[in-house]
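Given next are the chains, with one letter for each unit.
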Amino acid sequence: MLAATTTAAKALARNASANHRMALPAVGAVRNLNVHEYISMEIMKDHNIATPAGYVSETPQDAENSFTEKINTPGAPTKDAVIKAQVLSGGRGLGTFKNGFKGGVHMVTKEGQAQDYAQAMLGEELVTKQAPNGIICNKVFVMERVYMRREMYLSILMDRASQGPLMVASPHGGTSIEDVAASNPDVIFTEPIDIIKGLQLDQCKRMAGNLGLEEGSKSFDNTVTLMNNLYDMFIKCDCTQVEVNPLAETPEGDVLVCDAKVNFDGNAEFRQASIFERRDYSQEDPREVEAAKYDLNYIGLDGNIGCMVNGAGLAMSTMDIIQLKGGSPANFLDVGGGANEQQVQKAFELLNSDDNVKAILVNIFGGIMRCDVIANGIINAAKEIGIQKPIVIRLQGTNVEQAKTLIEGCGFRMILADDLEEAATKAVGVADIAAQAEKINIGVKFEGLGI
């Protein structure tokens, strides 16, 4: 998902420190793993990080049993709990389900509530600020309520500026950390970590002090221990980000992780198989899931011009010029320099099957990627599924003449352009015509293209 490229921790770190400013990650190069909260909690427990008792449920009755039989025991005073929709989106508490039920996070204080809340959440799509189109909720997490004396923020992430892990913390937790970074950046603290030496004791103590904890107190010592264990998990599990919000201090001096988001490096899948097999594909754009099967770098956007390009930089430039010509790209799709005909064919099929796409722009600069391979991939796809949308093609570089010959003799009419500006102008033009015709519910035929 595109929203994942600007996480809370990265936003606050960019705003918080003049000495350690963050750089935005490159688009489309690596498909990192984001897991549900309950999985993050399980992994943290495995690394001796304190978390409240919690149980994941897939049915309303199971959620009720988690509250009445696991968090609570017969005859004992009732413990309150929190039930949370398990969707990969921030802002769950302020979200609204498409069935009208408000909020993806609710307090459970008596019997029957967990079942009722789960009934309203499960199988429904939760609309949040990060997921305006809605995201399906297939599980809920029932967690014991923690009575907090203090709510703090703590995260560890990979930082390009310091070329290693960066610990970020704030005494102002439990709220949107982006808002804290914007309104009061002085309360956000950073500690660059030497990845060779590891996290040092003096860094943990300094950060615990920045959180407002008193050195020598139980909560101070517990926080230092938690930071070390969190960093150990960060390294051993190949994380790119571990974000805890809130990190809770109880009146008894315990320190617990009450909510967490954990991302993992996609390049480490081969050694983190047990984690990556828990990926929830129902939470991801199905187009991105399908593209990943063929090693295509794809990110869905909200425009109507499908783009197929080789190279991330050229792809970004192509999207920019589409915008400058008054259009809007429907995707970022980089087939890379070593794509074969099957990958190109799959990329074309993805664009052709997208209902939002009204025209397709192919922009290839043939260096390592040969233009004739691109042409054959498109022609094979057209033979199998047909051409349903106008295609504008701009080719330059290796075997460009062979590619043009293949396209001209394939029996399918495609719009060729000599340069990117001409290609973008034509793509925006035909996409606009198709969109306007669809809006007033009339058919349109592009003369000479056979569609």
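Below is a short write-up of the structure.

What counts, and where the lines are drawn
- Residues numbered from 1 in each chain as written.
- Predicted model: local features only at pLDDT ≥ 70, side-chain atom pairs only at ≥ 80, totals over all residues.
- Heavy atoms only, no water.
- Buried < 20%, exposed > 50% of the residue type's maximum accessible area, 1.4 Å probe, protein only.
- Helix = DSSP H or I, 4+ residues; strand = E, 2+ residues; numbered from the N terminus.
- Pairing = 2+ DSSP bridges.
- Right-handed = clockwise from strand over helix to strand, strands pointing away.
- Core = buried A, V, L, I, M, F, W, Y, C linked by side-chain atoms within 4.5 Å.
- Expected span 1.5 Å × (residues − 1).
- Contact = heavy atoms within 4.5 Å.
- Phe/Tyr/Trp six-rings, centres within 6.5 Å; stacked < 30°, edge-to-face > 60°.
- Axes fitted to C-alpha atoms, helices over the stretch in contact; angles between N-to-C directions.

Let us look at the pairing of strand 19 (residues 391-397). Across the 7 residues of strand 19, 5 count as buried, placing the element largely inside the fold. Relative to strand 19, strand 18 (residues 359-366) is paired through 7 bridges, and the arrangement is parallel. Considered in strand 19, the bridge of G366 is made with G397. Relative to strand 20 (residues 415-417), strand 19 is paired through 3 bridges, and the arrangement is parallel. Bridged to V392 within strand 20 is I415. After leaving strand 19, the chain enters helix 13 (residues 400-408) and then returns to the sheet as strand 20, a path that is right-handed.

What follows concerns the nonpolar core. Core analysis: the largest hydrophobic core is formed by 42 residues, its most contacted members being M44, V257 and F264. It is helix 7 (residues 218-236) that provides the largest number of residues to this core, a total of 8 residues. Counting 35 residues, the second-largest nonpolar core is a separate cluster that includes V335, F348, I379 and L395.

For helix 12 (residues 371-385), spanning 15 residues, the distance from its first C-alpha to its last is 21 Å, which sits close to the expected 21 Å at 1.5 Å a residue. Turning to helix 12, its buried residues are C371, D372, V373, I374, A375, G377, I378, I379, A381 and A382. Here the buried face of helix 12 lies against strand 16 (305-309), helix 11 (341-352), strand 18, strand 19 and helix 13. Downstream of helix 12 by a residue or two, G386 has a phi angle that is positive, lying close to 80 degrees.

Applying the stated rule across the entire model yields 3 aromatic pairs. Between F101 and Y117 the ring centres are 6.1 Å apart and the planes differ by 45 degrees, which places this aromatic pair in the tilted class. Of this pair, F101 sits in the loop between strand 4 (96-97) and strand 5 (105-108) while Y117 sits in helix 4 (residues 113-121), and the two are 16 residues apart along the sequence. Ring geometry for Y231 against F234: centres 6.3 Å apart, planes inclined by 20 degrees, an arrangement best described as stacked. One end of the pair, Y231, and the other, F234, are both in helix 7, 3 residues apart, so they sit about a helical turn from each other. Residues Y231 and F234 agree in their burial class; the two are buried. In this structure an aromatic cluster arises from ring pairing among F97, F101 and Y117.

We now examine the sheet that holds strand 5. Read across the open sheet, the 4 strands follow the order 2-8-3-5; overall the sheet is antiparallel. Bordering the open sheet on either side are strand 2 (54-57) and strand 5, each of which pairs with just one other strand. On average, each strand axis in the sheet is tilted by 20 degrees relative to the strand beside it, whichever way the strands run. Pairing analysis gives 5 bridges linking strand 3 (residues 81-85) to strand 8 (residues 140-144), with the strands arranged antiparallel. Bridged to A81 within strand 8 is E144. Strands in contact with helix 2 (residues 37-46) are strand 2, strand 3 and strand 8; relative to strand 8, the strand with the most contacts, it is inclined by about 45 degrees.

Everything listed is a geometric property; what it means functionally is a separate question.
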